[in-house]
Amino acid sequence: MSDETLRLIEQTADDLFAAESGAARAALAKGEWPEGAWQAFAATGLAQAALPEDAGGAGLAAGLAVLRAAGRHAAPLPVAETMMATLLCHAAGMEAPPGPLALSTTAAGEDGDGSTVRRVPWARFASAVAVVGPEGTLTLRTPADVVEGANLAGEPRDDMALSGPPAAAGTLPPDTDGTLLMALARAAQLRGAMEQALAMTVRYASEREQFGRPLARFQAIQHHLAEIAGEAAASGAAVDAAAEARTPFAFAAAKARASQAAGTIARLAHQVHGAIGYTAEHDLHHWTKRLWAWRDECGNEAHWWRVLGTDAGQGGGAALWPMLVAAGTAGTDAAAAAGEGARP
Amino acid sequence: MTGFDFPPPVMPPGVEALRAEVRAFLAQSQAEEGWRPDSDFGSDWSASFSRALGARGWIGMTWPAAYGGHERSALERYVVIEELLAAGAPVYAHWVADRQSGPLLLRFGSEAQRRAILPRIAAGGCYFAIGMSEPDSGSDLASVRTRAVRSGDGWRIDGTKVWTSNAHRSHYMIALCRTGPAGESRHEGLSQFLIDLEGDGVEVNPIVNLAGKHDFNECVFDGVTIPADRLIGREGDGWRQVTGELALERSGPERILSTFHLLAALVEAAGPAPEPRLAEAIGRLVAEFYALRAMSLAVAGRLEAGALPDVEAAIVKDMGTRFEAEVAETLRRAVPLEPVAGDRDGAGGNAPSLASALGASVLGLPSFTLRGGTNEILRSIIARGLGVR
C-alpha cells in the first residue's frame, strides 16, 4: 500500500473523529451509546482497515493510523476493539459479526478465572464479544450477565460471565497473538492522545502570558515541551517500527514505551496548563485520563518490561545485539501477530 | 500536526549481507588485535584499525568515488557504524573526519580541498579535530572571538580554541572564526577554515580530563597565517555551514550506543532467568533502546533523502544520552560492585573486569550529555521545532 493511500486513510479517520467525538463523549458521559458516531464510523469501512489487502483491508499500518486518529480525538467508540476482533476473526477463519465488537485479551489479569472475563472494553454495547483464550483459542459470545465498570476516562470496562457455549469458536494461527495485537492497538491510541496533549500544551504555553510574556518564552517551560515531544516521538517511533517489523518483541516494546511515556506526558501537560487544566470544564482531561487509563490496559509498562527483560536474557550478553537487530527487522521472525502474515 | 514523526526507512537491498560482513570482520579483528570492547566511540584510538576499515571501504562510504568514497547509501553507512559501535571497536581516530569534516568538505569545500583530503580520510589515514568551542564560547557558539583577517594573499588568525579533542593527534582542524561583523542575528560574519595542525604553527596544549585521559586540548592561534585557499565554502557563510556540521555531529547512533557494552554485560550477569525486578529493569532499557534505534534509523533515512533533520537529531541525542547514563546506573544497582578507574584491579587482556568497564563509564558519563551540544541546548532546539521561541 502506498504512502499516499495511508495518508488518505488517516485523513478520512481524522476528519470523521474530529466531527463526531465531542458529542459522542457527551452522550457516553450520560451513559448513552453514541449510536450516531458509531454509524458514521461504520459507514466508512475503517473497521476493516487493518485487514490484509487481499481481505479487503489496507494492512496493519493503516489500521494503526486509524487508531492514532481515534486517540488524537479521544473518540469514545470501540474502534480498536472492533478492528482487532475483526482482524483476529479473519486470522482464525471466522466470520466477524456486524456491529461494534468487544475484545477480551489476556495480558494482565483480564482473563479472570476462566468462568468470567474482566474489564472487557465496551462489552455492554457490543453486538459480540471476542474472547482470546489460552492456547490461541478465539470464541465469540453474545454479551450476557454484564457487570458494568469503567476506566478512568469513563470508557466502559465490563466484567462478563462465560456461561454456556460460545456463538462461534476457532483457533488462531501460532503466529497470531491476540494479546500482543491488542497491546499494539492500544499503543497506537496512546500515541494519538499524546499528540493531542502535546498540541494543546504548546498552544496554551504560546497563548498564556505571565510576567509579561508567554509561558513558552520561559526556558523551564520550553524544556517541558521538549520532553513531551520526545516522549511522544519515541512512542510513535516504537509503534511505527512494530508495524514494520511485526515481531512479538517489537509489539511488546511499543506498548511498554507508550505506557511509560503516558504518565510523563500527562504530568507535564498538566504542569504547564496550571489550574485551568485541572478543571472538568477544560478539555485537557479527556486526553490525560485516557493516557492514565490506557497505559495500564493490555499490560502496563512493567508487565511488558518483564516479558522483554526475560526474552533479552535468553541468549546471554553476546546475543543481545543480534537479537535486538533481528527484532527490529521485518521478516526475521514469523510475523508476530497480524494481518498479512496470518492466513485465514 | 504538532510533534515529530520518525517513519521507518526502506532499507536498501543487501544490507543484511553487509551487516554479516561487518560482523565477520569485527570478530576477526577483535581476535587478532585484542582491542577491548567499549561502545563509546571516543574510547579507543587506533590508526591501524582505522586503516583496516578504510581498506574495507567503510569510511567515506557515501561519498563519490572520485574522492575515494564508495557511493553507498546513508542507511548502509548506518548499518556499518552501528555494528562497529555495538561491538565496541576502536573507531575514535577517523570518527570525526568520517562523520562531519569529510561531509562538510564534500558539501562546501573547493575541488582542490576535496581532492587533496577526502581520499586520505576514506583510506583511514587522515584525522580531524573540531574547532568550535572557545574559552568564552561554549553553548553560545555564535559568540566566537577567534578572528581571521585578510593578510597578504591569505589570512591571519588570532584566538584560542578549547576542549579540542584529539588536536594533538589529528592532521587538521576545521576552525570557526569571526571574519566580519556579527549583525543583528549574530550569525553573520563567521567563516570556516581548514587548519593544518602539523604545519601551520598552532600551539596545542594538553588538557587532561577527570578520568586522567588526554583527549582535550587548548589550541592557541597567535598570528597563525594560512593561504587563501584554506577558506571552506564562502566567507561569511560559517554559521549556515557549522549548523549543518552540527546536525551531522548529533545525528548518529553513537548518541544511543555509548554504554551498549554495559547493557550486554548486565544481560549476561542477569542470566536466562532473571528475577522479576531485574527483568523489569532490563526490559525497560531494551524497550527504550528499541525505540531510540528506530528513531536513529529514521534520522538516517531522512539524511539519505537529502534532508537535514536537525530537530529530530536533537530529540534522539537528548533522549539517547540520558538512556546511556541510565544503562550504567541500572548495572551499578543490579550488580553491586565498586567501579574502578583504569585496570587497577589487575584485570587485563581482552576481558576487562566489569568493575573497570563500569568505572570508565561512570567517569565518562558527564561528557555524554555535553559533547556535541548540551542537552539543554538540544531541548531549546526541540522547542523551536515546535514553533516556540
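Bear in mind that the values here come from a model prediction, so they are computed numbers and not experimental data.

What counts, and at which threshold
- Residues numbered from 1 in each chain as written.
- Chains lettered and ligands numbered in written order.
- Predicted model: local features only at pLDDT ≥ 70, side-chain atom pairs only at ≥ 80, totals over all residues.
- Heavy atoms only, no water.
- Axes fitted to C-alpha atoms, helices over the stretch in contact; angles between N-to-C directions.
- Helix = DSSP H or I, 4+ residues; strand = E, 2+ residues; numbered from the N terminus.
- Parallel < 35°, antiparallel > 145°, perpendicular 65-115°, else oblique.
- Left-handed = near helix turned anticlockwise from the far one by under 90°.
- Contact = heavy atoms within 4.5 Å.
- Nonpolar A, V, L, I, M, F, W, Y, C, P; charged D, E, K, R; others polar.
- Pairing = 2+ DSSP bridges.
- Buried < 20%, exposed > 50% of the residue type's maximum accessible area, 1.4 Å probe, protein only.
- Arc of directions from axis to C-beta.
- Patch = residues over 30% accessible without salt bridge, like charges linked within 9 Å, V, L, I, M, F, W, Y side chains within 5 Å.
- Areas by Shrake-Rupley, 256 points an atom, 1.4 Å probe, with all protein chains shown as cover.
- Salt bridge = Lys/Arg side-chain N within 4 Å of Asp/Glu carboxyl O.
- Polar contact = N/O pair within 3.5 Å; in protein donor to acceptor, adjacent residues only side chain to side chain.
- Lys, Arg positive; Asp, Glu negative; His and termini not counted.
- Charge placed at Lys NZ, Arg CZ, Asp CG, Glu CD.

Asks: How should I be thinking about the packing of helix α4 (residues 92–108) of chain B against helix α6 (residues 238–250) of chain B in this particular structure?
Replies: A packed helix pair is summarised by two numbers, namely the angle formed by the two axes and the spacing between the axes. All names here are of chain B. It is at 9 Å that the axes of α4 and α6 come closest, and there the two elements cross at 140°. With respect to their mutual orientation, α4 and α6 come out oblique. Once α4 is placed against α6, the crossing between them reads as right-handed. Mapping the contact onto sequence places R99, Q100, P103, L104, R107 and F108 in α4 and R240, Q241, E245, L248 and E249 in α6. A per-class count over the contact of α4 with α6 returns four nonpolar, two polar and five charged.

Asks: Explanation requested: the sheet that holds strand β5 (residues 146–147) of chain A in the structure shown.
Replies: As a general point, the strands of a sheet are linked pairwise by backbone hydrogen bonds and lie either parallel or antiparallel. All names here are of chain A. The antiparallel open sheet is built from three strands, whose spatial order is β2-β6-β5. Each end of this open sheet is capped by a strand with a single partner; those strands are β2 (116–121) and β5. By the bridge criterion, four bridges tie β2 to strand β6 (residues 157–161) in an arrangement that is antiparallel. Of the residues in β6, the one forming a bridge with T116 is A161.

Asks: Can you walk me through helix α10 (residues 320–327) of chain A in this structure?
Replies: The periodicity of an α-helix, 3.6 residues per turn, causes residues three or four positions apart to be oriented the same way. Turning to α10(A), its buried residues number three or more, namely A:L320, A:W321, A:L324, A:V325 and A:A327. One side of α10(A) carries all its buried residues, which in axial view fall inside an arc of 165°.

Asks: How should a nonpolar patch on the surface be read in this particular structure?
Replies: All names here are of chain B. Judged by side-chain polarity, L210, V362 and L363 come together as a nonpolar surface patch covering roughly 250 Å² of accessible area. By the secondary structure assignment, L363 is in helix α10 (residues 354–368). Looking at L363, the relative accessible area reads 33%, which means it is partly exposed.

Asks: Quick question: what am I supposed to make of the side chain of B:E134 here?
Replies: Topologically, B:E134 is positioned in the loop between β1 (128–131) and β2 (147–151). At 2.9 Å, the side chain of B:E134 and the side chain of B:K161 are in polar contact.

Asks: Is there a simple way to explain the environment of A:A74 in this structure?
Replies: All names here are of chain A. Looking at the element boundaries, A74 is found in the loop between α3 (60–72) and α4 (79–91). Along the primary structure A74 and L88 are separated by 14 residues, whereas in three dimensions their C-alpha atoms are 24 Å apart. Filtering out sequence-adjacent residues up to four positions away, A74 remains in contact with S21, R25, H286, W287 and R290.

Asks: Hey, could you run me through a positive patch on the surface in this one?
Replies: Taken together, A:R213, A:R217, B:R384 and B:R389 make up a surface patch of like positive charges. By the secondary structure assignment, A:R213 is in strand β9 (residues 213–214). Owing to a relative accessible area of 34%, A:R213 belongs among the partly exposed residues under this scheme.

Asks: It is not clear to me how the packing of helix α6 (residues 219–245) of chain A against helix α9 (residues 310–334) of chain B should be interpreted in this structure. Could you clarify?
Replies: Contact geometry of α6(A) with α9(B) gives a least axis separation of 10 Å together with a crossing angle of 85°. Taken together, the axis directions place α6(A) and α9(B) in an arrangement best described as roughly perpendicular. Listed contacts from α9(B) to A:E227, A:G230, A:E231 and A:A234 of α6(A) are B:I315, B:M319 and B:R322. Split into classes, the residues belonging to the contact of α6(A) with α9(B) amount to three nonpolar, one polar and three charged.

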